[in-house]
Amino acid sequence: MNQGGRAIFRSLTSDLDDITMTVGGGVKLQLVFGDITNETTEAVVNTTDFINFQDDGVCKDILTVAGPEVEAELKTAKVEPGEVYVSQPGSFHCEAILHVCGQRDAGTIERLVCNIIEHCETYGFRSVAIPAICAGAGGLDPGVVAGAIIRGIKAATSSTSLYCLTDIRLVLIKINVFLAFKEEAMQTFSTAVINRVSVPQLSPVQQQQPLLSVAADLSSLDITSTSQQSVFLFLGVCRKDVDEAMTKLKGLYQGQCSTQTFTKVELAGLTPEDMEDLTQLVKDQGLYMQKDQLGQGSLTVSGLKDGVNQVMQMIHASLHGSLRREVRVREEEDLYTRVAWCILGHNGNWERLPKTANHNLENNDIAGGIVDAQGIQWSVDQQRTEATRQVPGQSVKLKRLVNLPDFSLPLYWDNMVAGEDLKKVVLQPSSAEYRTVKEAFKRTVAKTVMKIERLQNVHLRRAYEVQKKHICDKNRRDGGAGENLLYHGTTQDNCDSIMKTGFNRRFAGQNATSYGHGTYFAVNASYSAHPTYSRPAADGTQLMFVARVLTGIYTLGKSDMRVPPPRSDQQPHDRCDSVVDRIDNPSMYVVFHDNQAYPDYLITFK
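Residues numbered from 1 in each chain as written. Predicted model: local features only at pLDDT ≥ 70, side-chain atom pairs only at ≥ 80, totals over all residues. Heavy atoms only, no water.

Novice: Can you help me understand the environment of tryptophan 341 in this one?
Specialist: Looking at the element boundaries, tryptophan 341 is found in strand S14 (residues 339-344). In this structure, tryptophan 341 is in contact with Glu351, Arg352, Leu353, Asn358, Leu361, Glu362, Gln382, Leu398, Lys399 and Arg400, ignoring residues within four places of it in sequence. Here the side chain of tryptophan 341 touches glutamate 362 through a polar contact of 2.9 Å, side chain to side chain. (Helix = DSSP H or I, 4+ residues; strand = E, 2+ residues; numbered from the N terminus. Contact = heavy atoms within 4.5 Å. Polar contact = N/O pair within 3.5 Å; in protein donor to acceptor, adjacent residues only side chain to side chain.)

Here's what the structure looks like:
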């Protein structure tokens, strides 16, 4: 109540209140009594027969705003029955206009609504405004249209997950149509929350008699947002009657009010989106919100009990949601260290899935699909360990790796059972991995590849990764570890030993020591394919390793070297990591540390 003798209360509700409800996938559905040409959604739906564009109705209204270019485009459009035609918005305040023809048939309208929602997902629209298709110029009964559109929305939002569309607004300009949709929606969706349409504020009324003026001792009643106010004007034959009436009404109103203060701890779980929702709720419920003036971070909300209770429920739900999110994040991080779910990329390489997708797959929580590191949505067939991309229909393989406590399996390895230290995996000729290894080999060797095996030795790879980190840290300013895929010819006698215990420099000198007493690796497979190094077996087959080698900082080798030389005389303990046959364009690398090379693949050729 103010000095003008007005008491300010929340607005009253009416049958034309907006209806807001949450449907499948968390999509917000709103029933709005209004004009669709005032909408600012990203997409707007126009209902038309693609012939008569100037008949009174939604089509004429939309095209009038959009402009003649859009109408001209529609006149030349060839649209099949049941299709959604997407045009530019012209002068309409949206990103695109979706034109449909309901053909005065409820089944067609229902299917069109599903198609409209699907188009919004395809084009990435977050919001869409839809009129009552065929309820105006189309002449269909509003109840029939309401049932068809509501069924279409329910089917589209519950049958598949939506990742773009968050807001659907049904904009209805006629009272009987709005009421028909309201009844249908309330029956179909039980979670409806009624929001008021704005009630026009009364114009200030000048006081004509001194007896109407009152003191400003009730200013605390101004607890509503200024956008929604109801003004009560008290008239009486004497001041006493007016004061009694005002006091009584004040008492009745205050009996329905409450105040709740929320601490900084309770508010800590609110996200920016939660804060927006809270602000909107305070506005919708006509509440008064005051921040703490003492700097303690608390928030006080006052108003009608129902509204304050809704705020309290929202904040407590956000707090519980924040705690659940924290627990989920810890679970995802813990699982990520133990289990790695991977997806086969388009280039044939395995890619690790993000923590959320990793957690969902491990717990078989895949009803809504998974999202990879590039943000692409996939549906999952757990039995076939396959993922299918929804739009192009592309299917790729998935795999699960279980890491050891002190070692994470490389993503391109197959899983290994507990206690399994060495595993040989024969590559399929159809795989991208096989083709990559073979093509590199065949660049310099004309012989036939008989078989390629991937070697998975946990102990050797663990030691190699430790050495790789050491060299990488040491050379962090000079190019890091310098990992290269190089070739090493072998015999059947030495092959098993290398697979189990790795490359051993103690055997240096079996073939040559031109550049030092270490283990030799060739840049080109043709060098290692020479019978001197890959000695043929009785059946004519030869063996060659493809090795990962940490070449790091290298220098020219000499035959008497048993360790790499120092990088400078000033630091004699800072040695090079490898030596080569020539500095400018090496064709041969020599390493002197057994863990500096790892046998990655074994090629059998003839």
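Novice: For this particular structure, what's the right way to read helix H9 (residues 305-338)?
Specialist: An α-helical turn contains 3.6 residues, so any two residues separated by three or four positions project in the same direction. With 34 residues, H9 ought to run about 50 Å at 1.5 Å a step, and its terminal C-alpha atoms sit 50 Å apart, in line with that. Among the residues of H9, those classed as buried are Gly307, Val308, Val311, Ile315, Ser318, Gly321, Ser322, Glu332 and Leu335. Considering only its buried residues, H9 is in contact with strand S11 (257-262), helix H7 (264-267), helix H8 (272-284), strand S13 (299-304), S14 and helix H10 (355-362). (Expected span 1.5 Å × (residues − 1). Buried < 20%, exposed > 50% of the residue type's maximum accessible area, 1.4 Å probe, protein only.)

Novice: Hey, could you run me through the pairing of strand S19 (residues 395-402) in this one?
Specialist: Side-chain positions along a regular strand alternate between the two faces of the sheet. As paired strands, S14 and S19 are joined by five bridges and run antiparallel to one another. Within S19, the position partnered with valine 339 by the bridge is valine 402. Across three bridges, strand S18 (residues 386-389) lies against S19 in antiparallel orientation. Within S19, the position partnered with threonine 388 by the bridge is serine 395. Turn length for the S18-S19 hairpin, with the two strands adjacent in sequence and antiparallel, is five residues, and the turn residue glycine 393 shows positive phi of about 80°. (Pairing = 2+ DSSP bridges.)

Novice: What exactly am I supposed to notice about the pattern of salt bridges here?
Specialist: Once the charged atoms of two side chains with opposite charge are near each other, the side chains can pair. Summed over all chains, the structure comprises 25 salt bridges. Note that glutamate 362 and arginine 400 form a salt bridge whose closest N and O atoms lie 2.8 Å from each other. Residue glutamate 362 is located in helix H10, and its partner arginine 400 is located in strand S19; the two are separated by 38 residues in the primary sequence. Two residues, arginine 567 and aspartate 574, come together in a salt bridge whose shortest N-O distance is 3.8 Å. By relative accessible area, which is 22% here, aspartate 574 ends up partly exposed. Among the charged side chains, a salt-bridge network with shared partners connects Arg461, Glu465, Lys468, Glu483, Arg548 and Asp600. (Salt bridge = Lys/Arg side-chain N within 4 Å of Asp/Glu carboxyl O.)

Novice: Can you walk me through unusual backbone geometry in this structure?
Specialist: Glycine aside, the phi torsion of most residues is negative, and most peptide linkages are trans. In this model, cysteine 134 sits at a positive phi of 75°, which is unusual for a non-glycine residue. By the secondary structure assignment, cysteine 134 is in the loop between strand S7 (127-130) and helix H4 (142-159). Look at cysteine 134 and you get buried, because its relative accessible area is 8%. One non-glycine residue, threonine 385, lies in positive phi territory at about 45°. Looking at where threonine 385 falls in the secondary structure, it is placed in the loop between strand S17 (377-381) and S18. By relative accessible area, threonine 385 is classed as partly exposed at 27%.

Novice: What is the right way to look at the side chain of glutamate 453 in this model?
Specialist: Its place among the elements puts glutamate 453 in strand S21 (residues 449-457). Residue glutamate 453 is classed as buried on the basis of its relative accessible area of 7%. Once residues within four sequence positions are removed from consideration, glutamate 453 is found in contact with Lys424, Val425, Val426, Asp600, Tyr601 and Leu602.

Novice: Just to check I follow, could you spell out the nonpolar core for this structure?
Specialist: The tendency in soluble globular proteins is for nonpolar side chains to be buried as a group. Among the nonpolar cores identified, the biggest contains 43 residues, and Leu29, Ile168, Leu170 and Phe181 are the most heavily contacted of them. A total of seven residues in this core trace back to one element, the largest contributor, which is H4. Setting aside its immediate chain neighbours within four residues, isoleucine 168 contacts Val27, Lys28, Leu29, Gln30, Ile117, Val128, Ile130, Ile153 and Thr157. Ranked by size, the runner-up nonpolar core spans 30 residues in total, among them Trp413, Ala525, Tyr601 and Ile603. (Core = buried A, V, L, I, M, F, W, Y, C linked by side-chain atoms within 4.5 Å.)

Novice: Can you help me understand empty space enclosed by the protein in this one?
Specialist: Taking a probe equal in size to a water molecule and rolling it over the atoms shows the remaining empty space. All told, the structure shown has one cavity of 30 Å³ or more when counted by the stated rule. Each pocket or cavity is described by its volume, and for the largest cavity that value is around 40 Å³. Leu460, Tyr464, Thr501, Gly502, Phe503, Asp594, Asn595, Ala597, Tyr598 and Pro599 are the residues that line the largest cavity. If you list the elements that add at least two residues to the lining of the largest cavity, you get helix H12 (458-474) and strand S30 (597-605). When residues of the lining of the largest cavity are assigned to their parent elements, the largest contribution, three residues, is made by S30. Split into classes, the residues belonging to the lining of the largest cavity amount to six nonpolar, three polar and one charged. (1 Å grid on protein atoms, 1.4 Å probe; cavity = no way out; pocket = protein on both sides within 12 Å on 5 of 7 lines; lining within 4 Å. Points joined across faces, edges and corners; volume = space filled by probe spheres on them. Nonpolar A, V, L, I, M, F, W, Y, C, P; charged D, E, K, R; others polar.)

Novice: Please clarify how the packing of aromatic side chains should be interpreted in this entry.
Specialist: For any pair of aromatic rings, the description consists of the separation of the ring centres together with the inter-plane angle of the planes. Taken as a whole and judged by the stated rule, the model has 11 aromatic pairs. Consider the rings of tyrosine 123 and phenylalanine 125, whose centres lie 5.7 Å apart with planes at 5°: the pair is stacked. One aromatic cluster is present, formed by Phe407, Trp413, Tyr464 and Tyr598 through successive ring pairs. Lying over the aromatic face of tyrosine 336, lysine 355 brings its terminal NZ or CZ to 5.7 Å of the ring centre. Here the basic side chain of arginine 461 rests over the ring of tyrosine 598, its NZ or CZ set 5.1 Å away from the ring centre. (Phe/Tyr/Trp six-rings, centres within 6.5 Å; stacked < 30°, edge-to-face > 60°. Lys NZ or Arg CZ within 6 Å of the ring centre and 35° of its normal.)

Novice: Looking at this structure, how should I read the environment of valine 417?
Specialist: Along the chain, the position of valine 417 falls in the loop between S19 and strand S20 (422-426). Owing to a relative accessible area of 58%, valine 417 belongs among the exposed residues under this scheme. The sequence separation of valine 417 and leucine 401 amounts to 16 residues, and the corresponding C-alpha distance is 9.8 Å.

Novice: Would you mind going over the sheet that holds S13 with me for this structure?
Specialist: Two strands in a sheet stick together by hydrogen bonds in their backbones, pointing the same way (parallel) or opposite ways (antiparallel). Spatially, S11-S13-S12 is the arrangement adopted by the three strands of the open sheet, whose pairing is antiparallel. Strand pairing shows two members of the sheet lacking a second neighbour, S11 and strand S12 (288-291), which therefore form its edges. Averaged over all pairs of adjacent strands, the angle between their axes in this sheet comes to 15°, without regard to strand direction. Where S12 and S13 come together, four bridges link them in antiparallel fashion. From the neighbouring strand, glutamine 290 faces S13, where its bridge partner is threonine 300. The strands touched by H9 within the sheet are S11 and S13, with S13 carrying the most contacts at an inclination of about 145°. (Axes fitted to C-alpha atoms, helices over the stretch in contact; angles between N-to-C directions.)

Novice: For this particular structure, what's the right way to read the pairing of S17?
Specialist: Both strand S16 (residues 370-371) and S17 contribute to a ladder of two bridges, which runs antiparallel. If you follow valine 371 over to S17, its bridge partner there is glutamine 377. With antiparallel pairing between neighbouring strands as the criterion, S16 and S17 make up a hairpin whose turn holds five residues, including glycine 375 at a positive phi of roughly 80°. Bridge analysis of S17 against S18 gives four bridges, and the strand direction is antiparallel. Note that in S18 the partner of serine 379 across the bridge is threonine 388.

Novice: For this particular structure, what's the right way to read the packing of H4 against helix H5 (residues 175-188)?
Specialist: When two helices pack together, you describe them by how their axes are tilted relative to each other and by the distance separating the axes. Packing of H4 against H5 brings their axes to within 9 Å, and their N-to-C directions diverge by 40°. Our classification of the angle between H4 and H5 gives oblique. As H4 packs across H5, the resulting crossing turns out to be right-handed. In this structure, H4 contributes Pro142, Gly143, Val145, Ala146, Gly147, Ile149, Ile150 and Lys154 to the contact, and H5 contributes Asn176, Val177, Ala180, Phe181, Glu184, Ala185 and Thr188. A breakdown of the residues in the contact of H4 with H5 according to their chemical character gives nine nonpolar, four polar and two charged. (Parallel < 35°, antiparallel > 145°, perpendicular 65-115°, else oblique. Left-handed = near helix turned anticlockwise from the far one by under 90°.)

The analysis is restricted to geometry; functional conclusions fall outside its scope.
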